[in-house]
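Summary of structural features
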Amino acid sequence: MIGAGVTPIAHAPVDWYAIAPEIALFAAAILIVVLRSVARHDPKVHQASMLIAIAGVAASALFTGVQWAFVHSNGPYQAMSGLVAVDGFGVFVKSVILGATLLALLLSGGYLRREHLESPEYFALMLCSATGMMLMASANDLITIFLSLEILSIALYVLAAFDRRRLSSQEAGLKYFLLGSFSSAVFLYGIALVYGATGTTRLSGIAQFLAKIVLLHDGVLFVGLALLLVGLGFKVAAAPFHMWTPDVYQGAPTPVTAFMAAATKAAAFAAVLRIFVGAFRLYDVDWRPAVFGLAVLSLLVGSIAAVVQTDVKRMLAYQSISHAGYVLIGVQAATDKGTSAALFYVCTYAVMATGAFAIVMLVARRGDDRHELTDYRGLASARPVLAGLLTLFLLAQAGVPLTGGFVAKLSVFSAAIDVGQYWLALVGMLAAVIGAFVYLRIVLAMYAPPDDEAAPEGPRIVVDAGTGVALTIAAGAIVFLGVVPGIVLDFAHAATQLLAR
Amino acid sequence: MSALAYPDHITATYYLVLAAILFTIGAVGLLVRKNTLVMFMCIELMLNAANLTFVSFANALNDISGQVIVFFTLVVAAAEVAVGLAIIVAIFRRRQSVNADDVDLLKG
């Protein structure tokens, strides 16, 4: 019974359009789980669930396109009482995530069949993880970011440990779980301290608070900010918070590694940009030196540690740390130019990482364990097309002109030089040279004559249709980004302009 | 509430310091202990330290949202328990050990 003086609880208005892309992905995941439980023993469920997953990604892309059209004409806005932002920035990152998810799904079909791991849950988990990433790209509240971080991570812990028979996969799952939840806890404590200092967890609210009020005792705010950076540093795999990356990337099933490298980085960098360049822009004097340090360490640790590896998957994992360093160069600039450079880099990296890991997946053959540099000897004479594609993806990662990697590196360097960070650009170029050496080692191994003694035993490399399509898309995209980068650069620029503040 | 049960001189600072200590115990424990189950409990301790901080700040700021956040955190912690224990059990079945030092296939 409601008394006269009690006001009924007001329901917050729900703007379903704001989260329609996420709902589409999650609905597809639920559909797959339901289908699995009603048609338990039907072998067709596996194929059907892959198709449902791709349809979900397509529907989500459609809604994202509608959001872009709306934002483009009406400007960015905040929905769900400020928890979610619908803006160009979010649309760009969501497009990258959807592209990476599509490529990972295409790779997974053939991989799961080859490894006899066919199960619909895999696709459901991947869609759940993608839902978390999409939500993270459009989050406008620290708690939304935390929840989406957990949605994407918990599904990824299971995916990393998905190959139950392979010990290294279980080990990757455990290590990712322990360090991932550690970083989440650190991130949550950071949110708590920022909440205490500013009285709100809304990113726009924090920015307004800091613009109005100068804190006399800002120790709590700074500790909170540092903890937020540590927590996200783990997720983007920036040194010195990179310890888990090589182990997890190496042990996880290769399509999952591709998904982690491409999509998780995009989502986590979206959060980094929204928190630091967006909400804490006024405090950039304080956080920029920290991000500078992370960028330098990531660039150097990633590229130098990759030199001494003999395992190709591990080399690419270390290189992903150094690629995080390049994106951090763009973040560190704390300008619109830096933000759009970081967005373009994330997009390019998603394509070239997925492409490279796709070839690694094929060369590994059944068992997913042929990752040594010696396994790549003679690949060029046995499978010239695959060797050529891997060369293309590695040259793109090294930053060779006419590939997307060159334009991406150029734009982050020019963003750094614009704000007078010559040293950072110099370290980046040094890391690019060391990285080129690493990639050259792999390429030289492929074009070396095959060992007579260690003749390529084991099953042949089989390229299934899905992987073929994924490789074609990735190769086309990387050349497209290198030859006519203007379209995507303009998109990234427009997306940065349409950032909800 | 009577003054005896909740004395005035116990301020939010006490709770915040306690939370900071709990968080530190959790973080250090995760780094030094080798038993994966104990490491897991350390993570839970860190999450609860964050919860305590939220509640103390919510009380000090007279703002309800900090208390609501705790419910979200609890749900997240429960989901993490489900997945984390499943992974630990899967590894235990293969190795008959929950020691983190035994999980050493991947290195370099």
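See the structure printed just above.
Per chain, residues are indexed from 1 in the order of the written sequence. Labels follow written order: the first chain is A, the first ligand is 1, and so on. Two thresholds apply to this predicted model, a pLDDT of at least 70 for residue-level local features and 80 or more for giving and counting side-chain atom pairs, whereas whole-chain, interface and lining totals are computed over all residues. Excluded from the side-chain calculation are hydrogens and water; included are all heavy atoms of the structure.

**Observations regarding the layout of surface pockets**
Any empty space left between the atoms is revealed when a probe the size of a water molecule rolls over them. Just so we agree on the cut-off: Think of a 1 Å grid over just the protein atoms. A cavity is a set of points where a 1.4 Å probe fits yet cannot get out, a pocket is an open set with protein on both sides within 12 Å along at least five of seven lines, and lining residues have an atom within 4 Å of a point. Grid points are joined across faces, edges and corners, and a volume is the space filled by probe spheres set on the points. A run of H or I in DSSP becomes a helix once it reaches four residues, and a run of E becomes a strand once it reaches two; helices and strands are each numbered from the N terminus.
The space that makes up the largest pocket amounts to roughly 700 Å³. Contributing to the lining of the largest pocket are 27 residues, with Met80(A), Leu83(A), Thr144(A), Leu147(A) and Phe72(B) lying nearest its centre. For the lining of the largest pocket, the secondary structure elements donating two or more residues are helix H1 (20-38), helix H4 (120-137) and helix H5 (142-160) of chain A together with helix H3 (65-95) of chain B. Among the elements that make up the lining of the largest pocket, the one with the highest residue count is H5(A) (five residues).

**Details of the pattern of salt bridges**
Residues and elements named next belong to chain A. Test applied: Salt bridges are defined as contacts in which a side-chain nitrogen from Lys or Arg sits within 4 Å of a carboxyl oxygen from Asp or Glu. To sort residues, take the accessible area from a 1.4 Å probe on protein chains only and compare it with the maximum for the residue type: under 20% means buried, over 50% means exposed, and anything in between is partly exposed.
Applying the stated criterion to the full structure yields 14 salt bridges over all chains. For the salt bridge of Asp368 with Arg166, the shortest nitrogen-to-oxygen distance reads 3.8 Å. Taken together, the residues span a long stretch of sequence, with Asp368 in the loop between helix H13 (336-364) and helix H14 (379-382) and Arg166 in the loop between H5 and helix H6 (167-198) at a distance of 202 residues. Each of the two residues, Asp368 as well as Arg166, counts as buried.

**A closer look at the interface of chain B and chain A**
What counts, and what does not: Throughout, a contact is declared for two residues whenever any of their heavy atoms are within 4.5 Å. Summed over both partners, the accessible area lost on bringing two parts together, with a 1.4 Å probe, is the buried area. Any pair of nitrogen or oxygen atoms within 3.5 Å is treated as a polar contact; in protein, a donor-acceptor pairing is required on top of that, and neighbouring residues in sequence qualify only through side-chain atoms on both sides. For this classification, the nonpolar set comprises Ala, Val, Leu, Ile, Met, Phe, Trp, Tyr, Cys and Pro, the charged set comprises Asp, Glu, Lys and Arg, and every other residue, Gly included, is treated as polar.
Contacts between the two partners involve 42 residues from chain B, matched on the other side by 41 residues from chain A. Among the residues of chain B in contact with chain A, Ile87(B), Arg94(B) and Leu106(B) are the three that bury the most area, contributing 19% of the side total. Our enumeration of links across chain B and chain A arrives at one salt bridge. Two residues, Arg95(B) and Glu171(A), come together in a salt bridge whose shortest N-O distance is 3.6 Å. Between the two partners, chain B and chain A, sit four residue pairs in polar contact (both at pLDDT 80 or more). Of all elements in the fold, only helix H1 (12-32), helix H2 (36-61) and H3 of chain B reach the threshold of two or more residues within the side of chain B that touches chain A. Take the side of chain B that touches chain A: its biggest share by element is 16 residues, from H3(B). In terms of residue class, the side of chain B that touches chain A is built from 29 nonpolar, seven polar and six charged.

**What about the nonpolar core?**
In summary, soluble globular proteins display a tendency toward joint burial of nonpolar side chains. All names here are of chain A. Just so we agree on the cut-off: Only buried residues count toward a nonpolar core, which is a set of Ala, Val, Leu, Ile, Met, Phe, Trp, Tyr and Cys residues joined through side-chain atoms within 4.5 Å.
Core analysis: the largest hydrophobic core is formed by 212 residues, its most contacted members being Ile275, Phe280 and Trp287. Looking at which element gives the most residues to this core, the answer is H13, with 20 residues. Once residues within four sequence positions are removed from consideration, Trp287 is found in contact with Leu225, Phe276, Val277, Phe280, Val331 and Ala334.

**Describing helix H7 (residues 203-212) of chain A**
Every buried residue belonging to H7(A) is among Leu203(A), Ser204(A), Gly205(A), Ile206(A), Phe209(A) and Leu210(A), and all of these are buried. Its buried side turned inward, H7(A) meets strand E1 (77-79), H5, H6, helix H8 (219-236) and helix H10 (254-279) of chain A.

**Section: the packing of helix H11 (residues 284-307) of chain A against helix H12 (residues 312-333) of chain A**
All names here are of chain A. Basically, it comes down to this: Structural elements are reduced to axes, namely lines fitted to C-alpha atoms, with helices fitted over the stretch in contact, and the angle between N-to-C directions of any two is expressed from 0 to 180 degrees. In this scheme, roughly parallel covers angles under 35 degrees and roughly antiparallel covers those over 145, while 65 to 115 is roughly perpendicular and the rest are oblique. With the far helix as reference, a near helix turned anticlockwise by less than a right angle produces a left-handed crossing, and one turned clockwise produces a right-handed crossing.
Orientation of H11 relative to H12, taken along the N-to-C sense of each, is 155°, at an axis distance of 7 Å. Taken together, H11 and H12 sit at an angle that is classed as roughly antiparallel. Viewed along their axes, H11 and H12 form a crossing whose handedness is left-handed. Residues Trp287, Arg288, Val291, Phe292, Leu294, Ala295, Ser298, Leu299, Gly302, Ser303, Ala305 and Ala306 of H11 pack against Met315, Tyr318, Gln319, Ile321, Ser322, Gly325, Tyr326, Leu328, Ile329, Val331, Gln332 and Ala333 of H12. Along the lines of polarity and charge, the residues of the contact of H11 with H12 split into 16 nonpolar, seven polar and one charged.

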